[in-house]
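A structural walkthrough
Letter by letter, the chains look like this.
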Amino acid sequence: MNEAQVGERLRRAIGEARYPAYLSTRIAARLDHAAHERHPRVALGRTQNPWLAGVGRTVSLVAALLVVLIMASLVLGLHAWFMNTRPAVPDGLAIKQYQALVRADQQMLDSQPGGYCAITDTGCPAVAALNTAAMQRWLDDLDRSQPPARFAVLDSLMRRHLAIAISDQNAAMAAYRARDQLGVNTAFGAGSKELDTVDSQAQDIITSSPGTIVTYRAEVRMDAAYLLGCYLCQPLLGDSQVSCQGSLTPACADEIAAVRLQVETFQGDLVNLFAPDSLAAEDGRLQADLVAADLALDAMESALSARDQVALQAGHNALGQAINRVASDAADIG
Amino acid sequence: MILAAPLFQEALAGDQQAFVILIEPLLPGAYRLAFGMLRSESDAEDAVQEAALKAWRAFGRFRRGSDLKPWLFTIVANECRSQRRSRWWSVIRRSEAPDDLVDATAPIDPSSVDLRQALYRLPHDQRLVLVLRFYLDMSYEQVAETLRISPKAAKSRAHRAMERLRLSPEVLSS
């Protein structure tokens, strides 16, 4: 069978696509509303508890102080690390090996069976087990590997998201055993969003390429504009006090998720189109400050789970400082 | 596709309308790609919408002078990967069997059914190369540009996929 015959058979097998003429209008409307959309990656389990200041104030103050100290030392350490580990000559082989590893694990996960998991479906646990095993293998591969300096930040983010996805998958199976269809859907939905993020980060790594001064600057400008102008992020980025309290915990988690999406997208973009050597020092500072913002968001999430208002405010202060530095770094880059 | 300079500048400066005008001529192809990958008109529509949103977000990274089509199609293909996976974690009950996801009104060619099943069992990358090459009639150079691999690698990936389809018992029997 030659290529033309294969082509003919494939076209017949797939069938004809009927392009919906309204698609561009829908896309225009979608873009118009994009700034107001909520990022769906909100782990429901973390948004159920009402905010209560239930921890002693002294303990909170000590904890908050510790969070600030730990984050400050991490930022300083990371900045030094970025400056010292950035190779003068790209470590080509290691980079290619790491990209191949990520690509292989992504493909392995892609090739797992799928379908809708109904609580009446007896085949569901077996399929879920295959998917969990594939995610765990990816995580194990990342844990065993030393990522090239360029990919270290995304490596750490991918591991975090994979771990959460596995945990969501396990939660879905627990709900399945309890015959709780809503619980199954919710947990799989949350896991799916985590994997979407992993996918996007993996893709940034696999297709990573050097930018020119012009393209790198344009990228930084655009990402900074998205981060600073993000509609849903404004309650966290625009005020010095955390506004989400009391019964507004879900809103607080949403706001954290919205800022995290912008920060992680920025981090992914800096890997996907990495800085030219002449801007390496500025890029190092920017990346270190984005990591600081990410750590501050971690601290805020932990504080939210622990219902610790003081630690939440401390995390918020650290986030504000980190974002201010990111804005200044981006302005320096031009 | 050569981009009109003022439109490009306007889109880069944040004009969403200019961006939609830029990508509009590519949308039928993008939809065809998504349909070929996902088998469902509604999923294809969702994938193209999501991809357009992501493309808009990433437009600052698009290099002026490059071809917009492979750049957009790469994003659509990645979105199809996510959509396909999301189906497993779907929160909407799908009562249809997987093969019912194709357009129910389209005439069914019995000899194509087995090939269709075999095609959708291929890994994402192999199916993608076949859809780009044969369903969208792209040259291997264009396929390579979309997949960000060499034309030689694109050709070899397509041949591996074709070989896998031919070796599939369902295809042989039809």
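Throughout what follows, the structure given in this document is the object of discussion. Just so you know, the residues in each chain are numbered from 1, in the order the chain's sequence is written. Numbering of ligands from 1 and lettering of chains from A proceed in the order in which they are written. Predicted model: local features are reported for residues with pLDDT of at least 70 only, side-chain atom pairs are reported and counted for 80 or more only, and whole-chain, interface and lining totals are derived from all residues. Each side-chain value is worked out from all heavy atoms of the structure, with water and hydrogens disregarded.

Residue and element names in this part refer to chain A. Throughout, disulfides are identified as pairs of cysteine sulfur atoms within 2.5 Å of each other. Summed over the entire model, instances satisfying the criterion amount to one disulfide over all chains. Across a sulfur-sulfur distance of 1.8 Å, Cys117 and Cys124 are joined as a disulfide pair. Note on the Cys117 and Cys124 pair: the S-S dihedral is about -110 degrees, so by sign convention the disulfide is left-handed. Between buried and exposed lies partly exposed: a residue is buried under 20% and exposed over 50% of the maximum accessible area for its type, with that area taken using a 1.4 Å probe on protein chains only. A relative accessible area of 1% means that Cys124 is categorised as buried.

Turning to unusual backbone geometry, a few remarks are in order. All names here are of chain B. For Arg39, which is not glycine, the phi dihedral falls at a positive 70 degrees. Here Arg39 lies in the loop between helix H3 (27-38) and helix H4 (41-57). The class for Arg39 is buried, based on a relative accessible area of 11%. For Arg148, which is not glycine, the phi dihedral falls at a positive 60 degrees. By relative accessible area, Arg148 is classed as partly exposed at 42%. By definition, any uninterrupted DSSP run of H or I lasting at least four residues is a helix, any uninterrupted run of E lasting at least two residues is a strand, and each is numbered from the N terminus.

Next up on the list: the packing of H3(B) against H4(B). Residues and elements named next belong to chain B. Viewed as axis vectors pointing N to C, H3 and H4 meet at an angle of 130 degrees, and their least axial separation amounts to 8 Å. Put simply, H3 runs oblique to H4. H3 and H4 meet at a crossing whose hand is right-handed. Seen from H3, the contacting residues are Leu27, Ala30, Tyr31, Ala34, Phe35 and Leu38; seen from H4, they are Glu41, Asp43, Ala44, Glu45, Ala47 and Val48. Charged residues are taken to be Asp, Glu, Lys and Arg, nonpolar residues to be Ala, Val, Leu, Ile, Met, Phe, Trp, Tyr, Cys and Pro, and polar residues to be all remaining types, Gly included. By residue class, the composition of the contact of H3 with H4 is nine nonpolar, no polar and three charged. Between N-to-C directions, angles cover 0 to 180 degrees, with each direction set by a line fitted to C-alpha atoms, over the stretch in contact for helices. The scheme is simple: roughly parallel for angles under 35 degrees, roughly antiparallel for over 145, roughly perpendicular for 65 to 115, oblique for anything else. Note on convention: the crossing is left-handed when the near helix lies turned anticlockwise from the far helix by less than a right angle, right-handed when the turn is clockwise. The contact criterion used is simple: two residues touch if any of their non-hydrogen atoms lie within 4.5 Å.

This brings us to the interface of chain A and chain B. On the chain B side, the residues contacting the 65 residues of chain A number 65 residues. Summed over both partners, the interface of chain A with chain B buries about 6000 Å², with 54% contributed by carbon and sulfur atoms. What makes a salt bridge here is a side-chain nitrogen of Lys or Arg within 4 Å of a carboxyl oxygen of Asp or Glu, nothing more. Run the count over chain A and chain B and you get six salt bridges. Here Arg103(A) and Asp125(B) are joined by a salt bridge, their closest N and O atoms 2.9 Å apart. Polar contact is defined as a pair of N or O atoms within 3.5 Å, subject to the rule that within protein one atom must be able to donate a hydrogen and the other to accept it, and that residues adjacent in sequence are counted only when both atoms are side-chain atoms. There are 16 residue pairs in polar contact (both at pLDDT 80 or more) connecting chain A and chain B. Elements supplying a minimum of two residues to the side of chain A that touches chain B: helix H1 (3-14), helix H2 (23-34), helix H4 (92-110), helix H5 (124-144), helix H7 (181-206), strand E1 (209-210), helix H8 (213-229) and helix H10 (249-272) of chain A. Class assignment for the residues of the side of chain A that touches chain B results in 28 nonpolar, 19 polar and 18 charged. Defined in terms of a 1.4 Å probe, buried area is the accessible area two parts forfeit on being brought together, summed over both.

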